[in-house]
Amino acid sequence: PKCCQLLQKEVNNTYSTYLFTNKSIEIIKNNSKTDDPLFLYLPYQSVHDPAQVPSSYSDPYFQKGFDKSRAVYAGKLSCMDEGIGNITGA
């Protein structure tokens, strides 16, 4: 699909939540210039494996005493939550 081709150009070493969020914001901003309705389905994959998240999201949970698994999972949710907030602000 065309959307996958667009994403492939930007994938190198980019956390997928950032990638999906930024592309969604771009789509929303471009669509706002038209009178066309927009349905955007955004299935974040961040809560699934691999268990990776930028440390800026997991570190606060490590500092609260969470074990690695829980800190990373909570960090992934925080990152996704931030992305959703950025999209709703677009």
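This one's a predicted model, so the numbers in the text were calculated from it and none came from an experiment.

Criteria and thresholds
- Residues numbered from 1 in each chain as written.
- Predicted model: local features only at pLDDT ≥ 70, side-chain atom pairs only at ≥ 80, totals over all residues.
- Heavy atoms only, no water.
- Phe/Tyr/Trp six-rings, centres within 6.5 Å; stacked < 30°, edge-to-face > 60°.
- Helix = DSSP H or I, 4+ residues; strand = E, 2+ residues; numbered from the N terminus.
- Buried < 20%, exposed > 50% of the residue type's maximum accessible area, 1.4 Å probe, protein only.
- Arc of directions from axis to C-beta.
- Contact = heavy atoms within 4.5 Å.
- Expected span 1.5 Å × (residues − 1).
- Polar contact = N/O pair within 3.5 Å; in protein donor to acceptor, adjacent residues only side chain to side chain.

Caption draft 1: Local environment of the packing of aromatic side chains. Across all of its chains, the model carries three aromatic pairs by this definition. Here Tyr18 and Tyr57 contribute two aromatic rings whose centre-to-centre distance is 6.4 Å and whose plane-to-plane angle is 55°, an arrangement assigned as tilted. One end of the pair, Tyr18, is in helix α2 (residues 16–31); the other, Tyr57, is in helix α3 (residues 55–63), and 39 residues separate them in sequence. Among the aromatic residues, those joined into a cluster by ring pairs are Tyr15, Tyr18 and Tyr57.

Caption draft 2: Molecular detail of α3. Among the residues of α3, those classed as buried are Tyr57, Ser58 and Tyr61. Projected down its long axis, α3 shows its buried positions confined to an angular sector of 80°, all on one face. Counted as exposed and oriented over 90 degrees from the buried face of α3: Ser56 and Gln63. Of the surrounding elements, those touching the buried residues of α3 are α2 and α4 (68–88).

Caption draft 3: Quick peek at α4. Under the 1.5 Å per step criterion, the end-to-end length of α4 is 30 Å for 21 residues, consistent within 8% with the ideal 30 Å. Restricting attention to buried positions, one finds in α4 the residues Ala71, Val72, Ala74, Gly75, Lys76, Cys79, Met80, Gly83 and Ile87. The opening residue of α4 is Asp67, an N-cap whose side-chain oxygen sits 3.3 Å from the backbone nitrogen of Ser69.

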